[in-house]
Amino acid sequence: MRLTVFSAQPYDRDSLEAVARERLAGRDVTLVHQPVALSLSTAILAEGSQAVCVFVNDCLDAAVLEALQGLGVRAVLLRCAGYNNLDLAAARRLGLFVARVPAYSPEAVAEHALALLMTLNRKTHRAYNRVREGNFALDGLLGSTLNGKTVGLVGLGQIGLATARIFHGLGCRVLGHDPQPPAAFAAYGDAVALDALLDEADVISLHCPLLESTRYLIDAVALARMKPGAVLINTSRGALIDTEAVIQALKRRQLGGLAIDVYEQESELFFQDHSHDYIDDDLFVRLMTFPNVLITGHQGFFTAEALREIALVTLGNLADFLDGRACPNAL
Ligand code: NAD
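Since we're looking at a predicted model, the values are computed, not measured.

Caption draft 1: Inspection of the environment of glutamine 180 at higher detail. If you trace the backbone, glutamine 180 turns up in the loop between strand S7 (173-177) and strand S8 (190-191). Remark: the alpha-carbon pair of glutamine 180 and glycine 155, spanning 25 residues in sequence, is separated by 9.0 Å.

Given below as structure tokens:
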């Protein structure tokens, strides 16, 4: 059988091929790597495949799923945890097997949230460039001590909990908001209502999924509630934040800083080299003009350990499908 891998970057190919040798040994599976993202116009590339493997910015709406099914695809393997890009009801109606990687390395994303905050706060990205130019002046590099500050975590699942452990270890007061806070969180902080978290936190880090109920969770009203100068970190999904409202809050200096690994319109930009082109997204370009905004291109998951775990679980899901076994990661 053939498995077409969409949005396949060289590192995806390397990790999936390496793991295929162990996970799919004895089975006749050929991986076909397509660098393009899955959309209605590229679905045809899956012709002849019984399964496709997709990532965060591939489109899995009803029209795409119908096109895939019409081509003979029976299984959709998400090599990520979030599945807001999937029409699950349509997949069920079409009888498609769909599985994801619910957790591969929550610590990888939690550590990236910390890296973003530390960089933004202590301005090491600016210091790096200055020092290389022989400029050792400290003016403009003033940070604040995180120890003793209040950190608010929205979403206390695997990543939120890993983030809570880190900030607890730094000596921060940790607040968390989750409709179902896990009992384990009590060791690191206090579960509170979202409004209380917005009122009290010096740093807010988002770790909840993108759902209709969480879209623009951070809007103009939420931003106005935050402490003046609070810092916002988003490593979860771009549309948790209303970017226009965030820009206004940055301009008013209500928001003290923003660090994002995700962006609502990221599918047009991320995972591709646009350095020879102009960026056709005025909101994104505006964000990049603020000295207190730090952006990375959805790399929270990107550690060697996480890539291997993603490949192991993804191809394990395929093996379950091929062998007709119950798959614990099926949606
Ligand atoms: P998880 O399912 O373990 O946890 C999500 C938590 O959010 C749950 O505890 C849930 O109860 C809570 N939640 C749901 N609605 C909420 C709301 N309205 N307010 C507050 N909390 C709410 O998921 P996870 O593994 O911790 O991942 C969290 C998110 O991180 C994913 O949905 C994904 O979007 C994102 N992610 C990003 C990267 C990256 O590379 N940047 C990698 C993996 C995951």
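Caption draft 2: Inspection of the site of the ligand at higher detail. Near the ligand you find 22 residues, and of these Tyr104, Gln158, Ile159, Asp178 and Thr235 are the closest. Threonine 235 places a polar main-chain atom, nitrogen or oxygen, 2.9 Å from a nitrogen atom of the ligand. In this structure, an oxygen atom belonging to the ligand sits 3.0 Å away from a main-chain N or O atom of phenylalanine 301. For the ligand, whose free accessible area comes to 870 Å², the fraction covered by protein is 84%. Classifying every residue of the shell around the ligand gives 9 nonpolar, 10 polar and 3 charged.

Caption draft 3: Here's a closer look at the domain arrangement of the chain. Under the domain assignment, the chain is made up of domain 1 (2-104 + 303-323) and domain 2 (106-295). Its C-alpha centre places domain 1 at a distance of 30 Å from the equivalent point of domain 2. On the domain 2 side, the residues contacting the 12 residues of domain 1 number 9 residues. Where domain 1 abuts domain 2, roughly 880 Å² becomes buried across the two surfaces, and 54% of that area is made up of carbon and sulfur atoms. Our count for the domain 1 to domain 2 interface comes out at 0 salt bridges. Where domain 1 packs against domain 2, one counts 3 residue pairs in polar contact (both at pLDDT 80 or more). The residue inventory of the side of domain 1 that touches domain 2, partitioned by class, reads 7 nonpolar, 5 polar and no charged.

Caption draft 4: Broad picture of the packing of helix H4 (residues 106-122) against helix H6 (residues 158-169). Relative orientation of the contacting elements H4 and H6 amounts to 50°, with a least axis distance of 8 Å. With respect to each other, H4 and H6 are oriented oblique. Handedness of the crossing formed by H4 with H6: right-handed. Contact with H4, carried on its side by Pro106, Glu107, Val109, Ala110, Glu111, Leu114 and Leu117, involves Gln158, Ile159, Ala162, Thr163, Arg165, Ile166 and Phe167 of H6 and no other residues of that element. Split by residue class, the contact of H4 with H6 holds 9 nonpolar, 2 polar and 3 charged.

Caption draft 5: Main features of the sheet that holds strand S5 (residues 97-99). In spatial order, the strands read S2-S1-S3-S4-S5; together these 5 strands make up an open sheet with parallel pairing. Looking at strand neighbours, the two that pair on one side only are strand S2 (30-33) and S5, the edges of this open sheet. Strand-to-strand twist in this sheet, taken as the mean axis angle between neighbours without regard to direction, amounts to 20°. Across 3 bridges, strand S4 (residues 75-78) lies against S5 in parallel orientation.

Caption draft 6: The arrangement of the sheet that holds S8 in detail. Strand order in this open sheet of 7 strands is S8-S7-S6-S9-S10-S11-S12, and the pairing throughout is parallel. Edge positions in the sheet fall to S8 and strand S12 (293-295), since each of these pairs with one other strand and no more. Pairing of strand S11 (residues 255-260) with S12, which is carried by 3 bridges, proceeds in the parallel orientation. Paired with isoleucine 260 across the bridge in S12 is isoleucine 295.

Caption draft 7: Helix H9 (residues 243-251), seen in detail. Listing the buried residues of H9 in full gives Thr243, Ala245, Val246, Ile247, Ala249 and Leu250. For H9, the elements touching its buried residues are helix H8 (220-225), strand S10 (230-234), S11, helix H10 (282-288) and S12. Among the residues of H9, the N-terminal cap falls to aspartate 242, whose side-chain oxygen and the backbone nitrogen of glutamate 244 are separated by 3.2 Å. Among the residues trailing H9, arginine 253 stands out with phi positive, at a value near 65°.

Caption draft 8: Representation of the nonpolar core. Membership of the largest hydrophobic core comes to 34 residues, with the highest contact counts inside it found for Ile204, Ile218, Met226, Leu232, Leu255 and Leu258. Here this core takes 5 residues from H9, the largest share from any one element. Once residues within four sequence positions are removed from consideration, leucine 258 is found in contact with Leu120, Leu232, Ile241, Val246, Leu250, Leu287, Asn292, Val293 and Leu294. In terms of nonpolar packing, the next biggest core, distinct from the first, is built from 31 residues, Ala46, Leu78, Val101 and Leu307 among them.

Caption draft 9: View of the packing of aromatic side chains. Throughout the structure, instances matching the rule amount to 7 aromatic pairs. Ring centres of phenylalanine 97 and phenylalanine 321 lie 5.0 Å apart, and the angle between their planes is 35°; on these two criteria the pair is classed as tilted. Of this pair, phenylalanine 97 sits in strand S5 while phenylalanine 321 sits in helix H11 (residues 304-323), and the two are 224 residues apart along the sequence. A relative accessible area of 25% places phenylalanine 321 in the partly exposed class. Taking the centre distance of 6.2 Å and the plane angle of 75° together, the rings of phenylalanine 270 and phenylalanine 284 count as edge-to-face. Taken together, the residues span a long stretch of sequence, with phenylalanine 270 in the loop between S11 and H10 and phenylalanine 284 in helix H10 at a distance of 14 residues. This pair shows no difference in class: phenylalanine 270 is buried, exactly as phenylalanine 284 is.

Reading guide: rules and limits
Residues numbered from 1 in each chain as written. Predicted model: local features only at pLDDT ≥ 70, side-chain atom pairs only at ≥ 80, totals over all residues. Heavy atoms only, no water. Helix = DSSP H or I, 4+ residues; strand = E, 2+ residues; numbered from the N terminus. Near = heavy atom within 4 Å. Polar contact = N/O pair within 3.5 Å; in protein donor to acceptor, adjacent residues only side chain to side chain. Areas by Shrake-Rupley, 256 points an atom, 1.4 Å probe, with all protein chains shown as cover. Nonpolar A, V, L, I, M, F, W, Y, C, P; charged D, E, K, R; others polar. Domains from an automatic or database assignment. Contact = heavy atoms within 4.5 Å. Buried area = accessible area lost by both parts, 1.4 Å probe. Salt bridge = Lys/Arg side-chain N within 4 Å of Asp/Glu carboxyl O. Axes fitted to C-alpha atoms, helices over the stretch in contact; angles between N-to-C directions. Parallel < 35°, antiparallel > 145°, perpendicular 65-115°, else oblique. Left-handed = near helix turned anticlockwise from the far one by under 90°. Pairing = 2+ DSSP bridges. Buried < 20%, exposed > 50% of the residue type's maximum accessible area, 1.4 Å probe, protein only. Core = buried A, V, L, I, M, F, W, Y, C linked by side-chain atoms within 4.5 Å. Phe/Tyr/Trp six-rings, centres within 6.5 Å; stacked < 30°, edge-to-face > 60°.

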